[in-house]
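Okay, here's what each chain looks like letter by letter:
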Amino acid sequence: GYGAEELVGTRSEFVLPPEQRGRWARSLAAAAQGPQRFEHDLICKDGRRVSVAVSRRPVFDADGAFQGSVALVSNITEERRASLLLQEVAQATASHTGEEFFRTAVRFLARALGFKLVLVTECVDFPTTRLRTLASWREDRPAEIGDYDLAGTPCEETVKSGKAYCCPNGVESRFSAERGSGFDGYVGVPFFDAAGERVIGHMALFDDKPIDEGMAE
């Protein structure tokens, strides 16, 4: 959020979280020793905290005297968030197996990501025309969905393509089976058999608001 004129010629401390300033100072002191790669947090102008990856290289003059360093700073906030979420999912489901695992996973993901509906399915037939819901969570409680036809749903895009699919908005208008559902955004991720060749089910996440296309990556 800061403009170049607000940063050029200033010390970096004011954009650093207090608890990380010492580590930043130590990395600066060691800058002449060679290239560095590390992760850090920064404070935005509006107070938000973002995670960044820093790649820094020392700069020397013709006589070999250290002059300073140049750094490439990349925003990795979403990558860090995704990594932490996966760790939390693993911890939340570690003690569960079978159907209980799926029930725990959909509940946790719905709450952690803020989706209105999260469900896990298995294919009823091959080629697939119907899906059976193994576990589902809608808002703050388990949802009873059961079997449903694949045609006319965004799930059809996920299952038939065998790839993660995201419809960032317009689910109700694009898919006939979703008319009147109140859903706007969708993300689906396919599940494969042990050989990795055939789609045997999927996880679907629905929301009543538009969602980021990057969710499917």
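Computed from a predicted model, the values in this text were never measured in an experiment.

*Asks:* Describe the overall build of the protein, naming the residues involved and giving the relevant values.
*Replies:* Within the protein, the regular secondary structure consists of six helices and ten strands. Looking at the protein residue by residue over its 217 residues, the buried ones come to 36%. Relative to all contacts within the protein whose residues are 6 or more apart in sequence, the contacts with residues 24 or more apart total 43%. A total of about 12800 Å² of accessible surface is found on the protein, and carbon and sulfur atoms cover 51% of it.

*Asks:* Residue-level account of the pairing of strand 9 (residues 185–192), with values.
*Replies:* Each regular strand displays side chains that alternate between the two surfaces of the sheet. As paired strands, strand 8 (residues 165–167) and strand 9 are joined by three bridges and run antiparallel to one another. Residue pairing across strands places C167 opposite Y186, the latter belonging to strand 9. Strand direction decides the pairing type here: strand 9 and strand 10 (residues 199–207), joined by eight bridges, are antiparallel. Within the sheet, the bridge partner assigned to G188 lies in strand 10 and is A204. What sits between the antiparallel neighbours strand 9 and strand 10 is a turn of six residues, in which G196 has the positive phi angle 75 degrees.

*Asks:* An account of the layout of surface pockets is requested, with residue identities and associated values reported.
*Replies:* To find leftover empty space, one rolls a probe the size of a water molecule over the atoms. Of the pockets and cavities examined, the second largest pocket occupies roughly 480 Å³. Around the second largest pocket sit 19 residues that line it, and L7, V15, W24, L42 and V73 are the ones nearest its centre. Residue composition of the lining of the second largest pocket, grouped by class: 14 nonpolar, three polar and two charged.

*Asks:* So what's going on with the environment of D46? Residues and values would help.
*Replies:* Mapping D46 onto the fold places it in the loop between strand 1 (36–43) and strand 2 (49–60). On a C-alpha basis, the gap between D46 and Y2 in space is 9.2 Å, while along the polypeptide they are 44 residues apart. Only 2.8 Å separates the side chain of D46 from the side chain of R48, close enough to count as a polar contact.

*Asks:* Please give an account of the packing of aromatic side chains that cites residues and values.
*Replies:* Counted according to the given criterion, the structure contains eight aromatic pairs. On the basis of an interplanar angle of 85 degrees and a centroid distance of 6.5 Å, the ring pair of Y165 and F175 is categorised as edge-to-face. Taken together, the residues Y165 in strand 8 and F175 in the loop between helix 6 (171–174) and strand 9 connect sequence positions ten residues apart. Plain terms: the ring middles of F183 and F206 are 4.9 Å apart, the flat faces sit at 35 degrees to each other, and that makes the pair tilted. Note that F183 is positioned in the loop between helix 6 and strand 9 and F206 in strand 10, a separation of 23 residues in sequence. By relative accessible area, F206 is classed as buried at 3%. Ring-pair connections join several aromatic residues into one group, and the members of that group are Y165, F175, F183, Y186 and F206. The ring centre of W24 lies 5.1 Å from the NZ or CZ of R56, which sits over that ring.

*Asks:* Could you give me a rundown of the pattern of salt bridges, with the residues and numbers involved?
*Replies:* Counted according to the given criterion, the structure contains eleven salt bridges. A salt bridge links K45 to E6; its shortest N-O distance comes to 2.9 Å. Here K45, found in the loop between strand 1 and strand 2, pairs with E6, found in helix 1 (residues 4–7); they are 39 residues apart in sequence, far enough to count as distant. Connected through shared salt-bridge partners, E19, D41 and R49 make up one network.

*Asks:* Can you lay out the confidence of the model for the protein for me, pointing to particular residues and giving the numbers?
*Replies:* Taken over all residues, the pLDDT of the protein has a mean of 86, while the share at 70 or more is 88%. Averaged pLDDT values for the elements of the protein fall to 61 in helix 3 (residues 77–93) and rise to 97 in strand 7 (residues 147–149).

*Asks:* Summarise the nonpolar core; cite the residues concerned and give the values.
*Replies:* By size, the foremost hydrophobic cluster in this structure holds 18 residues, and its most contacted members are L131, C155, Y186 and F206. Beyond its immediate chain neighbours, meaning those up to four positions away, Y186 contacts P154, C155, T158, Y165, C166, C167, V171, H202, A204, L205, F206 and I211.

*Asks:* Residues and numbers for unusual backbone geometry, please.
*Replies:* Leaving glycine aside, a negative phi is the common case for residues, and trans is the common case for peptide bonds. Looking along the chain, the bond that leaves F126 and enters P127 is cis, with omega of -5 degrees. Within the secondary structure, P127 sits in the loop between strand 4 (117–123) and strand 5 (130–138). Although it is not a glycine, E139 adopts a positive phi angle of roughly 55 degrees.

*Asks:* For the side chain of T133, give the residues involved together with the corresponding values.
*Replies:* As for its placement among the helices and strands, T133 is situated in strand 5. For T133, a relative accessible area of 15% gives the class buried. A polar contact of 2.8 Å, which involves the side chain of T133, links it to the backbone oxygen of G146.

Parameters at a glance
Residues numbered from 1 in each chain as written. Predicted model: local features only at pLDDT ≥ 70, side-chain atom pairs only at ≥ 80, totals over all residues. Heavy atoms only, no water. Helix = DSSP H or I, 4+ residues; strand = E, 2+ residues; numbered from the N terminus. Buried < 20%, exposed > 50% of the residue type's maximum accessible area, 1.4 Å probe, protein only. Contact = heavy atoms within 4.5 Å. Areas by Shrake-Rupley, 256 points an atom, 1.4 Å probe, with all protein chains shown as cover. Pairing = 2+ DSSP bridges. 1 Å grid on protein atoms, 1.4 Å probe; cavity = no way out; pocket = protein on both sides within 12 Å on 5 of 7 lines; lining within 4 Å. Points joined across faces, edges and corners; volume = space filled by probe spheres on them. Nonpolar A, V, L, I, M, F, W, Y, C, P; charged D, E, K, R; others polar. Polar contact = N/O pair within 3.5 Å; in protein donor to acceptor, adjacent residues only side chain to side chain. Phe/Tyr/Trp six-rings, centres within 6.5 Å; stacked < 30°, edge-to-face > 60°. Lys NZ or Arg CZ within 6 Å of the ring centre and 35° of its normal. Salt bridge = Lys/Arg side-chain N within 4 Å of Asp/Glu carboxyl O. pLDDT = per-residue confidence, 0-100. Core = buried A, V, L, I, M, F, W, Y, C linked by side-chain atoms within 4.5 Å.

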